[in-house]
Amino acid sequence: MPDGSLQKTLFEEFAPGADTERMFRDCLGRFASGVTIVTARTPQGYIGMTANSFSSVSMEPPLVLWCPAKSSSRYSFFAGAAHFSIHVLRADQEHVARGFARSGEAFDGLLVKENAKGVPVFDDCLARFDCATYQIHDAGDHSIVLGKVWNACFGVGEPLIFSQGRFS
């Protein structure tokens, strides 16, 4: 049993629900995550979205996932994309994250090219995963999009972190 000299952490317990949505968001925000930009090509052109719901899944086959909100105006483009790319941002790229959080067309200032599948990509990031959509699973108000990685690259630097509503 810990002695009295250790600082105690206060916890507020609650059941997640409509009346505790803000508390649930605050609780989830205690987990620090990296920040990514997911890009795809649509019939109208390039589209991007800021996401922190990225995770590795499997080495064989090489799978990663991300989870777009169904309420997003960009959701249908990503749910219908055969290919997409996930860009892991560096610590100095908060402006890129904020740009794509506001607009799916925030490619200004980025040196963008198309990969072999026609997806818009930029090399000025910490890492990139070029993916073919492998599976999409329903997950409440989000979807779990699994991508099979067919190409990956990485650079050097520190990652952009998001926690408790702030970048660091």
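Look a little higher up for the structure.
Cut-offs used in this document
Residues numbered from 1 in each chain as written. Predicted model: local features only at pLDDT ≥ 70, side-chain atom pairs only at ≥ 80, totals over all residues. Heavy atoms only, no water. Salt bridge = Lys/Arg side-chain N within 4 Å of Asp/Glu carboxyl O. Helix = DSSP H or I, 4+ residues; strand = E, 2+ residues; numbered from the N terminus. Buried < 20%, exposed > 50% of the residue type's maximum accessible area, 1.4 Å probe, protein only. Pairing = 2+ DSSP bridges. Phe/Tyr/Trp six-rings, centres within 6.5 Å; stacked < 30°, edge-to-face > 60°.

Q: Go over the pattern of salt bridges, please, and point to the residues and values.
A: Tallied over the entire structure, the rule returns 10 salt bridges. Close ionic contact of Asp-123 with Lys-113 constitutes a salt bridge, the shortest N to O distance being 2.9 Å. Here the residue Asp-123 occupies a position in the loop between β8 (120-122) and β9 (127-139), and Lys-113 occupies one in strand β7 (residues 112-114), the gap between them amounting to 10 residues. On the basis of relative accessibility, which here comes to 42%, the residue Lys-113 falls in the partly exposed class. Residues joined in a network through salt bridges with shared partners are Lys-113, Asp-123, Arg-128 and Asp-130.

Q: Quick rundown of the pairing of β9? Include the residues and the values.
A: Relative to β9, strand β6 (residues 83-88) runs antiparallel, the two sharing 6 bridges. Considered in β9, the bridge of Ser-85 is made with Asp-130. Pairing of β9 with strand β10 (residues 142-154) involves 12 bridges; the strand directions are antiparallel. Paired with Arg-128 across the two strands is Cys-153, which belongs to β10. Between β9 and the antiparallel strand that follows it, β10, lie 2 residues; Gly-140 among them carries a positive phi value of about 70°.

Q: Account for the packing of aromatic side chains, with residues named and values stated.
A: Across all of its chains, the model carries 6 aromatic pairs by this definition. Taking the centre distance of 5.8 Å and the plane angle of 65° together, the rings of Tyr-46 and Phe-107 count as edge-to-face. With Tyr-46 in strand β3 (residues 45-51) and Phe-107 in the loop between α3 (94-102) and β7, this residue pair connects regions lying 61 residues apart in the sequence. Judged by its relative accessible area of 31%, Tyr-46 falls in the partly exposed class. The class of Phe-107 is buried, set by a relative accessible area of 11%. Note on Trp-66 and Phe-78: the rings are 5.2 Å apart at their centroids and 85° apart in plane angle, and the pair reads as edge-to-face.

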